[in-house]
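# Commentary on secondary and tertiary structure
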Amino acid sequence: MTTDTEPKVIFGGDYFPEQWPEEIWKEDIRLMKQANVNMVSIGIFAWALLQPDEDTFTFGWLDKIMDMLADNDIDVCLGTSTAAQPTWLTQKYDDILFVRESGEQVACGSRQTYCVNSPAYKKAIGRLAKEMALHYKGHKALKLWHINNEYANKNSMCFCKNCEKGFQKWLKKKYKTLDNLNRCWGTVFWSEKYFDWEQINAPRASAGGRNATKLLDYKRFLSESFFGLYMEECRVIRQITPDIPVTTNFEGDWSKFDHWLFKDDLDVVSWNCYPNPNDCSSRKWAALRHSMMRSLLGKPFMLMEQAPSQVDWYPINISKRPGMMRLWSYQAIAHGSDSVMFFQWRASKKGAEKYHSGMVPHYGAESRVFGEICALGDELKKVKDIVGSTINAEVAILIDDDSWWTIDNPYGSGSKSLDNEVFWAANGQPFPSVLVSYFGELEYYFNAFYNLNVPVDVIGVNYDFSKYKVVVAPILHMIKPGFKESVKEFVGNGGTFITTYLTGFIDENVGVFPGGYPGPLKDVLGIEVEEYDPLPLGGKNVIKIAAELDGFRKEYGCSVWCDVAHTTTAKTLAVFGKDYYSGSPCFTENQFGSGRAYYLATRPDEGFMRDFAGKVLADKDIKAPQLPEGVELVTRSNSRKSFDFYLNHDNAETEVKLPEGRYEDLLTGSFFEGTIKLDKYGVAILVKKK
Ligand code: GLA
């Protein structure tokens, strides 16, 4: 996003002037200028100060700081304050606090305590958004609206009476008749049949397994309810300030609601990225999520929050080592962010987050952290040409919330436990193996390509994927109407399609496709799965590669799951080496039209994934640059230039071999040919010279 005619990387963070006496504000502005901050997000949790009672709005203090920021050319991303409602509002309307699955209503005293379907909350946010938009319409500092904050972070599931009523209404609209609902839900099972809409309760924990279609519909309903809340504010704001773009900052956990619903009503995607500095796989964790954010609108996104150093919510919160904050900021830019923003400007003195780092730490401006912030703010001025450039991924991974919610059951936190009693006590819905994780599998396939420095878009299953060369749909459990046709067209036209075990089990109503998995995809894959055998914890089988397959070892390990499959038209590339299905296909390739469709009937080990991804890329002429372990390469480009981001995630200096040509490093202005040395946590952004 560009907030004025001159492109710039947005740099700043959440700013809570209300936590500080006014004398500090002047000092804040001075330090912001020193750090080259050009945007701050304010008003994010200030509802009680903006509306001390139902009929009073007090914008005076916010006007003052907005004016100060405008006078200093610092743009404002204005929060609508609705993620933490004031205590007076909660106390006045007893339906505001959400109700847990256990039936317990949450107490007030924190944020995100509201129920997504509370009429009183909904009315109040619409009113506040309207008052704010009318008040700040035309303000020079206002450049972006920031609606709410991390929808569904704490309150993703509510089981109150309002939600129950809303669910019944939603079901009536969807199914029209009870006969239809009873049929689609299969309520003949265990005598569940409904004779009146009002008999349908919010699906709280019961004595054992619950109706899976009902559980999924409830999740879909709540998900749409969150989108509805967003639209409640968005509509009002757009009407009053049509020229100001609108965003809401997403959390990294996408399982809580369907993010794809927001696609047509966000001007820019923004998100909060908090990888753990104590985990060496953090860079992969972040790369996947950046890719998801970028893919949502297919254009640059905003890194709305990251920690200047440590957070306060991992069990142990180590600090970001010197250089790490800079490296991860560039990683976000490399994957498509046009901003580097933080939570938060000044570390809090009071409240729940006082142990969280700030751009200005408790120690003050003479600190290492503020020093690194200032250096980065200054350096980012050199990379303004990158703004608006894109990443041209030729590989896409499809993500389907319905498959995710069906497999990684969102009901009951204990449901993934290996302990039988815990499993049953909290279980929403029986499933063949707790070792299967939808998102874990998606991550596994993403990493196979990411490890080879190949960019991957992560798109909703309903997106048009025809432009990609390779499309991967890991454990795509549910096949929706129209999907089979899209895959056939894609593969028929020369695309490579990859899918795995557990794909094609159920239709959109969670009913199993009879006649073998992967249901509607049997044709395009040229296989039929007759039965499945989830492996016990630690259980392994062997993938035995067919003799004529180049680029593979003879054998690999596999775990988690084994399908017992037959080929129809597919070629068997590997078979299982053990058990009663020894010799049956576990890795197949089907030529379909001018493309290929692969099926993995198990979870292969990492060695296999590397060789398999390498083969697929080579077959499609997709470059996989060879780099030292720990170095990441991502390229952004526009119609004029390409920017190669070399990111050294290693704690040691390293040397990288460059492709042919002469390159200039945007950050240092130095020229390189042949090789480049990267410091520990070092970054270079190379542009090829003519
Ligand atoms: C989230 C929230 C912020 C803050 C940070 C702390 O991202 O949006 O308000 O609480 O976490 O890490």
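Attention in this report is confined to the structure presented alongside it.

Here is what the cut-offs are and how they apply
Residues numbered from 1 in each chain as written. Predicted model: local features only at pLDDT ≥ 70, side-chain atom pairs only at ≥ 80, totals over all residues. Heavy atoms only, no water. Near = heavy atom within 4 Å. Polar contact = N/O pair within 3.5 Å; in protein donor to acceptor, adjacent residues only side chain to side chain. Areas by Shrake-Rupley, 256 points an atom, 1.4 Å probe, with all protein chains shown as cover. 1 Å grid on protein atoms, 1.4 Å probe; cavity = no way out; pocket = protein on both sides within 12 Å on 5 of 7 lines; lining within 4 Å. Sits in = over half its atoms within 2 Å of the grid points. Nonpolar A, V, L, I, M, F, W, Y, C, P; charged D, E, K, R; others polar. Core = buried A, V, L, I, M, F, W, Y, C linked by side-chain atoms within 4.5 Å. Buried < 20%, exposed > 50% of the residue type's maximum accessible area, 1.4 Å probe, protein only. Helix = DSSP H or I, 4+ residues; strand = E, 2+ residues; numbered from the N terminus. Contact = heavy atoms within 4.5 Å. Pairing = 2+ DSSP bridges. Axes fitted to C-alpha atoms, helices over the stretch in contact; angles between N-to-C directions. Parallel < 35°, antiparallel > 145°, perpendicular 65-115°, else oblique. Left-handed = near helix turned anticlockwise from the far one by under 90°. Phe/Tyr/Trp six-rings, centres within 6.5 Å; stacked < 30°, edge-to-face > 60°. Lys NZ or Arg CZ within 6 Å of the ring centre and 35° of its normal.

### Topic: the site of the ligand
All residues adjacent to the ligand are F45, R111, N149, E150, N272, Y274, E305, W313, F343, E353 and H356. W313 places a side-chain nitrogen or oxygen 2.8 Å from an oxygen atom of the ligand. One nitrogen or oxygen atom from the side chain of H356 is found 2.7 Å from an oxygen atom belonging to the ligand. Its free accessible area being 310 Å², the ligand has 96% of it covered by the protein chains. At a threshold of 2 Å from the grid points, most atoms of the ligand map onto the largest pocket. Looking at the shell around the ligand residue by residue, the classes come out as 4 nonpolar, 3 polar and 4 charged.

### Quick word on the nonpolar core
It is characteristic of soluble globular proteins that their nonpolar side chains tend to be buried jointly. The biggest cluster of nonpolar side chains holds 221 residues, and the ones touching the most others in it are Y330 and F587. In terms of residues, this core owes the most to one element, helix 8 (residues 212–240), which gives 15 residues. Contacts of F587, omitting those with residues within four sequence positions, involve I545, L549, F552, K571, T572, L573, A574, Y598, Y599, L600, F608 and F612. With 11 residues, the next largest nonpolar core counts V631, V656, L658 and A684 among its residues.

### Section: the sheet that holds strand 22 (residues 642–648)
With antiparallel pairing, the 5 strands of this open sheet are ordered in space as 21-22-25-23-24. Strands with a single pairing partner mark the edges of an open sheet, and in this sheet they are strand 21 (631–637) and strand 24 (671–678). Between one strand and the next, the sheet's axes are offset by a mean angle of 30°, whatever the strand orientation. Alignment of strand 22 against strand 25 (residues 683–689), held across 4 bridges, turns out to be antiparallel. In the strand pairing of strand 25, Y646 is matched with A684.

### Section: the packing of helix 5 (residues 119–136) against helix 8
It is the contact of helix 5 with helix 8, at a shortest axis distance of 9 Å, that shows an interaxial angle of 25°. The angle between helix 5 and helix 8 places the two elements in the roughly parallel class. Between helix 5 and helix 8 lies a crossing whose hand is right-handed. Contacts between helix 5 and helix 8 involve Y121, K122, I125, G126, A129, K130, A133 and L134 from the first element and G228, L229, E232, E233, V236, I237 and I240 from the second. Residues that form the contact of helix 5 with helix 8 fall into these classes: 9 nonpolar, 2 polar and 4 charged.

### So, the packing of aromatic side chains
Here the structure, examined in full by the defined rule, presents 57 aromatic pairs. Look at F167 and W185: their rings are 6.3 Å apart centre to centre, the planes differ by 25°, and that puts the pair in the stacked class. Remark: W185 occurs in helix 7 (residues 178–185) and F167 occurs in helix 6 (residues 161–175); sequence separation between them is 18 residues. Assessed through its relative accessible area of 0%, F167 is described here as buried. Between F505 and Y517 the ring centres are 3.8 Å apart and the planes differ by 5°, which places this aromatic pair in the stacked class. In this pair, F505 is assigned in the loop between strand 13 (496–500) and helix 16 (522–525) and Y517 in the loop between strand 13 and helix 16, connecting sequence segments 12 residues apart. On the basis of relative accessibility, which here comes to 6%, the residue F505 falls in the buried class. The structure contains a cluster of three or more aromatic residues connected by ring pairs, namely Y151, F226, F227, Y230, F250, W254, F257, W260, F262 and Y463. Taking NZ or CZ as reference, K263 lies 5.2 Å from the ring centre of Y463, over its face. One residue, R603, lies across the ring of Y444, its end atom 3.8 Å from the ring centre.

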